[in-house]
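Here's the letter readout for the chains.
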Amino acid sequence: MENSELFWNASIDQLKKGYSEDAHCYTCLLCGEKIEKGIIYPQNDVLYEAEKYMQMHIKETHQSVFAYLIGLNKKMTGLTEHQSNLLRLFYAGKTDAEVQQELEIGSASTIRHHRFALKEKERQAKTFLVMMELLKEKDMNAPTFVPVHKTATMVDDRYNITNKEQDEVLNKLFPEGTNGPLLRFPKKEKQKLIILREITNRFEMESTYTEKEINAILMPIHDDYAMIRRYLIEYGFLDRKADGSAYWIKK
């Protein structure tokens, strides 16, 4: 299961912790890092068991689960930029007066109003979540949708892709299998997303690549490998340094 699927299928309790657990390992829901159970991990002359080491990974790599989630695309969180700024300050323990001074808006009572509005949003979200959970138990005709990758730069109807649609596109455009060459690069946005998503599987999650190494991976896929490299960055699958000296899978 891809990390995006692990993330979206996780329970609220798992998401709050930032990791899931199975019989063999702990998996970071934010980046896919796996910490094997039964191993003692040394760090700074201290030995840590696996779960504690995973908690340290989240703190050192992502700062916190809250910091990671608040940094997601607003289409993922449903928050406006103003709401995100308020939540960051509330999470930092700021008083209403301090928030008002930092954001330079209204008065302390204005901030209290925003707190109330956010609590209302929380109540609505809980109600909607329960309804959707109940719907899963009854709606036998609902298609399975491909999870949106968490680093998507823009989430819109292009991401309305079912697993069936994805399989059909991959079979059509990778006639020799998904490890083979691309028949053609599609013009339709949904098909582009499906193809780009599949191509990212040819990269190692934890590796950093030079542009030459990126090109070497993309060349066997399509003659216009530079176009594919550009789209991988544009659609939020790859990231790179400003000078193009290093590329990596965006987490």
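- The protein appears in an unreviewed UniProt entry as Transcriptional regulator from Viridibacillus arvi.

## Remarks on the environment of H114
Part 1: For H114, the position within the fold is in helix α8 (residues 108-138).
Part 2: Excluding its chain neighbours within four sequence positions, the residues that come into contact with H114 are H82, L86 and I105.

## Quick word on the layout of surface pockets
Part 1: Counted as a void, the largest pocket has a volume near 2,600 Å³.
Part 2: Residue lining of the largest pocket: 44 residues in total, with W8, I12, L15, M76 and L129 positioned closest to the centre.
Part 3: When residues in the lining of the largest pocket are grouped by element, the largest group, 14 residues, is from α8.
Part 4: Here the residues of the lining of the largest pocket sort into 28 nonpolar, 5 polar and 11 charged.
Part 5: When we break the lining of the largest pocket down by domain, the ones giving at least three residues each are domain 1 (1-63) and domain 2 (72-138).

## A look at the nonpolar core
Part 1: Core analysis: the largest hydrophobic core is formed by 51 residues, its most contacted members being I195, I199, F203, I228 and L232.
Part 2: Taken together, the elements giving at least two residues each to this core come down to β2 (25-28), α3 (50-62), α4 (65-70), α9 (163-173), α10 (189-199), α11 (211-218), α12 (225-234) and β8 (247-249).
Part 3: Taken domain by domain, this core gets at least three of its residues from each of domain 1 (1-63) and domain 3 (157-249).
Part 4: Non-local contacts of L232, meaning those with residues more than four positions away in its chain, are made with L196, I199, T200, F203, L218, F237 and L238.
Part 5: Residues L86, L89, F90 and V99 belong to the second largest nonpolar core, which totals 6 residues.

## Looking at the UniProt feature "domain: DUF2087" (unreviewed entry) in the protein
Part 1: UniProt marks residues 182-248 with the feature "domain: DUF2087" (unreviewed entry), using the numbering shown here.
Part 2: Counted over residues 182-248, helix gives 43% and strand 10%. Its end C-alpha atoms are 22 Å apart.

## Section: the domain arrangement of the protein
Part 1: Structurally, the protein comprises domain 1 (1-63), domain 2 (72-138) and domain 3 (157-249).
Part 2: One C-alpha centre belongs to domain 1, the other to domain 2, and the line joining them spans 27 Å.

## Examining a nonpolar patch on the surface
Part 1: Taken together, the side chains of F128, M131, M132 and L135 define a hydrophobic patch exposed on the protein surface, amounting to about 390 Å² of accessible area.
Part 2: Relative to the elements of secondary structure, F128 occurs in helix α8.

## Quick look at unusual backbone geometry
Part 1: In this structure, D45 takes a positive phi of about 65 degrees despite not being glycine.
Part 2: Within the fold, D45 resides in the loop between β4 (41-43) and β5 (46-48).
Part 3: Owing to a relative accessible area of 84%, D45 belongs among the exposed residues under this scheme.
Part 4: Positive phi outside glycine occurs at Q63, with the angle close to 75 degrees.
Part 5: According to the relative accessible area criterion, Q63 is exposed, its value standing at 63%.

## Details of α8
Part 1: With 31 residues, α8 should reach 45 Å at 1.5 Å per residue; the first-to-last C-alpha distance of 46 Å fits that figure.
Part 2: Buried within α8 are the following residues: I111, H114 and L118.

## Things to note about the sheet that holds strand β1 (residues 19-21)
Part 1: With antiparallel pairing, 3 strands are arranged side by side in an open sheet as β1-β2-β3. Of all the strands in the sheet, just β1 and β3 (34-36) have a single pairing partner and so form its edges. Geometrically, the sheet is characterised by an average inter-axis angle of 20 degrees between neighbouring strands, direction not taken into account.
Part 2: The sheet contact formed by β1 and β2 spans 3 bridges and is antiparallel. Residue E21 lies in a different strand from β2, and its bridge partner there is Y26.
Part 3: Against the sheet, α3 contacts β1, β2 and β3, and its axis sits at roughly 15 degrees relative to β2.

Cut-offs and rules
Counting of residues starts from 1 at the beginning of each chain's written sequence and follows it residue by residue. In keeping with the predicted nature of the model, local features appear solely for residues at pLDDT of at least 70, side-chain atom pairs appear and are counted solely at 80 or more, and the whole-chain, interface and lining totals rest on all residues. In computing side-chain properties, one takes all heavy atoms of the structure into account and sets aside hydrogens as well as water. Think of it this way: any DSSP run of H or I at least four residues long counts as a helix, any run of E at least two long counts as a strand, and we number them from the N terminus. Whether two residues are in contact is decided by their heavy atoms: any pair within 4.5 Å suffices. With a 1 Å grid spanning the protein atoms alone, the term cavity applies to any set of points in which a 1.4 Å probe fits but cannot get out, the term pocket to an open set with protein on both sides within 12 Å along at least five of seven lines, and the term lining residue to any residue with an atom within 4 Å of a point. Grid points are joined across faces, edges and corners, and a volume is the space filled by probe spheres set on the points. Put simply, Ala, Val, Leu, Ile, Met, Phe, Trp, Tyr, Cys and Pro go in the nonpolar bin, Asp, Glu, Lys and Arg in the charged bin, and everything else, Gly too, in the polar bin. Domain borders in the structure are assigned automatically or taken from a domain database. For the purposes of this section, nonpolar cores are sets of buried Ala, Val, Leu, Ile, Met, Phe, Trp, Tyr and Cys residues that join through side-chain atoms within 4.5 Å. Burial status follows relative accessibility: with a 1.4 Å probe on protein chains alone, a residue under 20% of its type maximum counts as buried, one over 50% as exposed, and anything between as partly exposed. UniProt positions are given in the numbering used here, feature names are shortened, and annotations may be inferred rather than shown by experiment. Residues forming no salt bridge and having over 30% relative accessible area are the ones grouped into patches, like charges within 9 Å of each other and nonpolar side chains (Val, Leu, Ile, Met, Phe, Trp, Tyr) within 5 Å. A 1.4 Å probe and the Shrake-Rupley method give the accessible areas. Residues count as covered only by the protein chains that appear here. Each reported salt bridge corresponds to a side-chain nitrogen of Lys or Arg within 4 Å of a carboxyl oxygen of Asp or Glu. One fewer than the residue count of a helix, multiplied by 1.5 Å, yields its expected span. In this scheme, strands are said to pair when DSSP sees at least two bridges between them. Only the stretch in contact is used when a helix axis is fitted, and all axes are lines through C-alpha atoms; the angle between N-to-C directions ranges over 0 to 180 degrees.

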